[in-house]
Each structure stands twice: as C-alpha cells, then as structure tokens.
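Per-entry structural report
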Amino acid sequence: MLTDTALIQIRRHLHAHPEIGLKEVATHDFLLKQIAKLPQENLSIETISEVPTAILVRVAGFAATKTLAWRTDMDALPIMEKTGLAFASQNDRVMHACGHDFHMTIALGLLSYFAENQPKDNLLVFFQPAEENEFGGKRFFDANGFHDQFKPDEFYALHVNPLLPAGQMATRKGTLFAGSNELRVSFIGRSGHAAYPQKANDSIVAAANFVTSVQTVVSRNIDPIEGGVVTIGKFNSGQAMNIISGQADIEGTIRSFTQAGMEVMTKHIRMIAQGVAAAFDQELKLNFRQGGYMPVVNDKEATDFFIDYMEHAAQVDFQIVEPAMIAEDFGFLSNHFKGTMFWLGVNDPTHTLHSNQLNPDESAIMKGINAITGFLTARMQK
C-alpha cells in the first residue's frame, strides 16, 4: 500500500499542476502512471469516450455479488494561488482551492489498498472531470452504455472540510448539500448623455431594481424551515460617469435543499425579470444553466450503515452535521444510486473552500484512507 510519504508527494504534485474542468489532460496522464505502479492482477481500466479525461478503474472482487463505486473529482478552479507554499500551483490563475488534489490522492490510496488486498465485491473507482463547472457527474451518468458497462450498486464520495479537525469524518442522513443553478441576466436599453435621461433608457436602474427585487424570492416564496439562497455575485454596466448605460449584465447563483425549491425560485426569478424589463422598457436576455446541480441526498439504508460503522470504528473521529448550502455534482449520482457522501476534516479554519490561501492538513489523507477502506470492506460483507 502507498505510504504516507508517497501519498503526500502525490498530493503535492497534483496541487502544483492543477487543470480546469475537461482540460485535465496532464492530471489524467499522471494518475494513469500512478495506477500502473500498483499490482495489476485484479485491476482493469475503463474509458468513456464522451468524457475523455475520466478514468474508471475496476478492482475485481474474489466473490463478487455487487459493485461498490467510489467517486473523486479531478478539476481545479480559475483562482490565483496565494499560499506561498513550496508546491504552490505552477499554472497561472489555476488552483486546487477546493481540495480535489486531496480527493484524488485518497482515491489512489484506496486503489493501492484494494489492489494489494483483493476485495470481496467489485470496486469501481471513478476519477471524474469537471465537477466545478461542466457537469462531469451528469456527463458520466449520461454516457452511452454506462448502465451496461459499469452497473454500480452503490456510490460513495467525500469532500474535504477545512472547518473540521484533520481526519474527522462527518455526514448526515438525508440532504447533505444543496442543489444549485446559475443565472445570467442582461437588460438592454439605450445609452445616452447623462444630462438628457429622457432621450436614453437606463439599464442600470432597471438592473438595480431586479437585484433588489430578487431578494424577496426566498423570503416570500420558500418555507423558512426549508431555506434557500439567491446571490447576485456579478454586475457589469456602464462606461463612464456621465454616460447612461444601455446594457447591464448580471450573474448569480440560486441554491436550495430540494429540487422543488429550486423550481419555485427559478419560476419567481423569471417572473421578476420579465416584469422589470416590461416596466423599464428593456430588452431581456435571461438564461438559467440547463439542469443545474441537484441536491446531494444520502440514501437512508447506506447512510445508516456508514454512520454505525464510523461511530464504532477504532481510531475514527466522527460526528453528525447539519446540511450545507454548497453545491456538489455528486447529486447527479446520489439521485440515481444508493450511497453516501461525507465530509473529511482538513483543519484550516481560517480559510474556506475556494479560498486562494486554502492549506489543508495533509495528516488527514491517511486517516481518511484508513477509515474508508475499513468501511468499504465492512460494507462488502453486508
């Protein structure tokens, strides 16, 4: 099995060479080289033509009655790293600021263990591209022949959490992460001189009304117990202080713990946008990202087993947590397969996920691998 030192070296290499979703070519090649170093007797590598940077490694079980699947994401974020680490990103304005370098390293650790200790059931390890921005999980699920070729019975995955102690495992039954969607809105009017507003059609005023109005979508349309978020994170308009802007472009995100909540929020945002455009005589362009990300909902039976195992396993620190409003495209898989997603603590409480200074504690890597290999082995006996 890969040693702690080897795993840390792998993690640091991955961290230093991050790539954006669907462009993980060097990452793909590096992972294949690491997999090739493992005992090959029970391993086979599968590919999906629709997702060329993806890697699927099957470990054949010695008395298989089912297939358990493990998913790890591969892509990085368009962020300029400012950690000052010796192994900081060498790729300009790209960083593993969401811990996917940890995720891949842990997946290699799992493969290393089960390559040397043949599992009872089949294990499928899925290195998934494009979690952050290009629906990698959905691309995998929609791929031609997926169900015939791979047939996983259960899917599992983790995500690092800098707010939890290094190595701590945490999850809950039911919804763990929210679903999300992206919206892009443009109000198009007519520009003109600031001194003659009657001869122009101000898009900034229209867009500002929209931004203010959508703050009522959650507070007046979503059950307070359920919760939801509408955030406008980008507002671009105007060229100079004395020119009335003829176009305003807005981008934001909406999040809900239920798919029904997402649909309600989408409906009301669309109504508000159409109403504002009509009231201010603006041309409207409104686009929601097709499909969005589904909530991550943990299966009851699989998660009951997971929680029971982790609570009683020696050397495992475990807690039940509340749901979080972050989005994760594992929701595409949890919506179709039994399984569980959970947090792995990495102890960097001063920096959040997606921070350009995120610096997770590497001691969590081996702690996570030990806990997960134990769980998967126990689950195969079920």
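What you see is a predicted model, and the numbers here were worked out from it, not measured in a lab.

**Some thoughts on the overall build of the protein chain**
- Along its length, the protein chain carries eleven helices and 16 strands.
- In terms of C-alpha radius of gyration, the protein chain reaches 23 Å, essentially the compact-globule figure of 21 Å for 382 residues.
- Its C-alpha atoms put the protein chain at 80 × 45 × 40 Å along the principal axes.
- A total of 382 residues make up the protein chain; the buried ones form 53% of that total.
- Across the protein chain, contacts joining residues at least 24 apart in sequence account for 81% of those joining residues at least 6 apart.
- When the accessible surface of the protein chain is summed, it comes to about 16400 Å², and 51% of that surface belongs to carbon and sulfur atoms.
- Distance between charge centroids for the protein chain: 4 Å, based on 31 positive and 42 negative side chains.

**Observations concerning helix H9 (residues 300-312)**
- Taking 1.5 Å per residue, 13 residues should reach 18 Å; H9 reaches 18 Å between its end C-alpha atoms and fits that length.
- Here H9 has its buried residues at Ala 302, Thr 303, Phe 306, Ile 307 and Met 310. The buried residues of H9 occupy an angular sector of 130° when the element is viewed end-on, so they sit on one face. The outward face of H9, more than 90 degrees from its buried face, is lined by the exposed residues Lys 300 and His 312.
- Check the buried side of H9 and you find it contacts strand S5 (154-161), strand S6 (169-171), strand S13 (296-298), strand S14 (318-320), strand S16 (338-345) and helix H11 (363-380).
- Where H9 begins, one side-chain oxygen reaches toward the backbone nitrogen of Glu 301, 3.2 Å away; that side chain belongs to Asp 299.

**Regarding empty space enclosed by the protein**
- For the structure shown, the criterion picks out one cavity of 30 Å³ or more.
- Reported here for the largest cavity is a volume of approximately 40 Å³.
- Along the walls of the largest cavity sit Trp 70, Arg 71, Thr 72, Asp 73, His 103, Ile 106 and Leu 158, which together make up its complete lining.
- Where the lining of the largest cavity is concerned, the elements lending two or more residues are strand S3 (67-73) and helix H3 (100-116).
- At four residues, the largest contribution of residues to the lining of the largest cavity is made by S3.
- Class assignment of the residues belonging to the lining of the largest cavity gives a composition of three nonpolar, two polar and two charged.

**Observations regarding the UniProt feature "binding site: Mn(2+)" (unreviewed entry) in the protein chain**
- Per the UniProt annotation, the sites labelled "binding site: Mn(2+)" (unreviewed entry) are Cys 98, His 100, Glu 132, His 159 and His 354. Judged by maximum C-alpha separation, these annotated positions cover 257 residues in sequence but sit close together in space, the widest gap being only 12.7 Å. Checking the named residues against the largest pocket, the ones that line it are Cys 98, Glu 132, His 159 and His 354.
- Tracing the sequence through the fold places Cys 98 in the loop between S3 and H3.
- Given the relative accessible area of 6%, Cys 98 is considered buried.

**Some words on the layout of surface pockets**
- Size it by volume and the largest pocket reaches roughly 1000 Å³.
- Lining of the largest pocket is provided by 40 residues; of these, Leu 77, Glu 132, Arg 255, Ala 327 and His 354 occupy positions nearest its centre.
- Of all the elements in the fold, those that place two or more residues in the lining of the largest pocket are S5, strand S7 (174-188), strand S9 (228-237), strand S11 (247-256) and strand S15 (324-327).
- The dominant element in the lining of the largest pocket, judged by the number of residues it contributes, is S7, at five residues.

**Quick word on the packing of helix H1 (residues 4-16) against helix H2 (residues 25-36)**
- As a packed pair, H1 and H2 sit with axes 11 Å apart at the nearest point and diverge in direction by 165°. Between H1 and H2, the interaxial angle falls into the category roughly antiparallel. In this structure, H1 crosses over H2, and the sense of that crossing is right-handed. Every residue of H2 that contacts H1 at Ile 10, His 13 and Leu 14 is listed here: Thr 27, Phe 30, Leu 31 and Gln 34.

Parameters and conventions
Numbers given for residues are sequential positions, taken from 1 along each chain in its written order. Where local features are concerned, this predicted model is filtered to residues with pLDDT of at least 70; where side-chain atom pairs are given and counted, the filter is 80 or more; whole-chain, interface and lining totals use all residues. Here the side-chain values reflect all heavy atoms present in the structure, with hydrogen atoms and water set aside. Working definition: helices are DSSP H or I runs of at least four residues, strands are E runs of at least two. Numbering for both runs from the N terminus. The atom set for the radius of gyration is the C-alpha atoms, and the globule formula is 2.2 Å times the number of residues raised to the power 0.38. Throughout, exposure labels follow a simple rule: accessible area from a 1.4 Å probe, protein chains only, divided by the maximum for the residue type, with under 20% read as buried, over 50% as exposed, and the rest as partly exposed. Here a residue-residue contact requires only that any non-hydrogen atoms of the pair lie within 4.5 Å. With residues, only the protein chains shown are counted as cover, and all accessible areas are computed by Shrake-Rupley using a 1.4 Å probe. When charges are tallied, Lys and Arg are placed among the positive residues and Asp and Glu among the negative ones, while His and the ends of the chain are skipped. Charge positions are represented by NZ for Lys, CZ for Arg, CG for Asp and CD for Glu. Given a helix with a known number of residues, its expected span is that number minus one, times 1.5 Å. Directions drawn from the helix axis to the C-beta atoms are what define this arc. Identification of polar contacts relies on pairs of N or O atoms within 3.5 Å, with a donor-acceptor requirement for protein atoms, meaning one able to donate a hydrogen and the other able to accept it, and with residues adjacent in sequence counted only if both atoms are side-chain atoms. Cavities and pockets are found on a 1 Å grid laid over the protein atoms alone: a cavity is a set of points where a 1.4 Å probe fits but cannot escape, a pocket is an open set with protein on both sides within 12 Å along at least five of seven lines, and a lining residue has an atom within 4 Å of such a point. Grid points are joined across faces, edges and corners, and a volume is the space filled by probe spheres set on the points. Gly counts as polar in this scheme, as do all residues outside two lists: the nonpolar Ala, Val, Leu, Ile, Met, Phe, Trp, Tyr, Cys and Pro, and the charged Asp, Glu, Lys and Arg. UniProt positions are given in the numbering used here, feature names are shortened, and annotations may be inferred rather than shown by experiment. Each axis is a line fitted through C-alpha atoms, taken for helices only over the stretch in contact, and angles between the N-to-C directions span 0 to 180 degrees. Comment on the angle field: the value is read as roughly parallel under 35 degrees, roughly antiparallel over 145, roughly perpendicular from 65 to 115, and oblique elsewhere. Here a crossing is taken to be left-handed if its near helix is turned anticlockwise relative to the far helix by less than a right angle, and right-handed if that turn runs clockwise.

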